[in-house]
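Architecture at a glance
So you can see what is in the structure, the chains are spelled out below.
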Amino acid sequence: MLLYWLFSYIIGNFLTAWWIGKWKKIDLRKERSGNLGARNAGAVLGKSAFLLTFLGDALKGVGVIYIGFYFQYSLEFIAIAGGAVILGHLFPFWLKGKGGKGIATFIGVAGAIEPTLFGILVICFIIIMALLRSATLSMTIAFSAYAILTWIIPVFASLWPLSIAILIILLRHRLDIVESWDKRWWKKQL
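Let us look at the structure shown here. For clarity, every value in this text was computed on a predicted model and none was experimentally measured.

**Some details on the layout of surface pockets**
- Volume-wise, the largest pocket comes out at about 870 Å³.
- Considering the residues around the largest pocket, the lining is formed by 33 residues, among which Arg39, Ile103, Ala135, Thr136 and His173 are closest to the centre.
- Only α3 (38-45), α4 (47-70), α6 (103-113), α7 (115-132), α8 (135-152) and α10 (174-182) provide two or more residues apiece to the lining of the largest pocket.
- Per-element tally for the lining of the largest pocket: the top contributor is α8, with five residues.
- Here the residues of the lining of the largest pocket sort into 15 nonpolar, ten polar and eight charged.
- Taken as a whole, the second largest pocket holds about 200 Å³ of empty space.
- Forming the boundary of the second largest pocket are Arg29, Ser33, Gly34, Asn35, Lys98, Gly99, Lys101, Arg172, Arg174 and Leu175.

**Brief notes about a nonpolar patch on the surface**
- A grouping of Leu3, Leu6, Ile10, Phe14, Trp19, Phe93 and Trp94 is seen on the molecular surface, where their side chains present a nonpolar patch of about 770 Å² in accessible area.
- Counting residues per element, the nonpolar patch draws most heavily on helix α1 (residues 2-12), which supplies three residues.
- Locating tryptophan 19 in the fold gives a position in helix α2 (residues 16-23).
- The partly exposed category is assigned to tryptophan 19, whose relative accessible area is 42%.

Thresholds applied
Residues numbered from 1 in each chain as written. Predicted model: local features only at pLDDT ≥ 70, side-chain atom pairs only at ≥ 80, totals over all residues. Heavy atoms only, no water. 1 Å grid on protein atoms, 1.4 Å probe; cavity = no way out; pocket = protein on both sides within 12 Å on 5 of 7 lines; lining within 4 Å. Points joined across faces, edges and corners; volume = space filled by probe spheres on them. Helix = DSSP H or I, 4+ residues; strand = E, 2+ residues; numbered from the N terminus. Nonpolar A, V, L, I, M, F, W, Y, C, P; charged D, E, K, R; others polar. Patch = residues over 30% accessible without salt bridge, like charges linked within 9 Å, V, L, I, M, F, W, Y side chains within 5 Å. Areas by Shrake-Rupley, 256 points an atom, 1.4 Å probe, with all protein chains shown as cover. Salt bridge = Lys/Arg side-chain N within 4 Å of Asp/Glu carboxyl O. Buried < 20%, exposed > 50% of the residue type's maximum accessible area, 1.4 Å probe, protein only.

This is the structure:
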């Protein structure tokens, strides 16, 4: 079990944006936000880099979950591995803990481990996005709803490790959240 979790963390260390940047001879850590995620890759290298990074980071999350299903581990142990792959993405040991922000990897993990709860997250995101017109704030609320549901709905209780990963993801996004909040139209009305 520990080997599965360690393997998951190491898989998380594979940062798609870093490899795409290397291929394009650009160190994304020195460009714009310095983040090794899909958003920064897209901002610096274009839409194809965004898409490739998003898919690569999401698929490593999916892969870790399906390995756990293959070996028939308990859902809670698989969720811990999901948290480990996300932590590997956020804090890669070989880059001194400076990785991506975890959204794509979380989406891969969440979609693979429990499609129903992931569907709730997506619906929540779409509704909030229609109301607020802010992807960052919509993501914050949808991810928070996901975390809360793992604690209050018994059928999702085994997924509690992902609520911890969400908390860390939101902490990594705190500056983006504050910036998005400050740009909202209601702030201008006051």
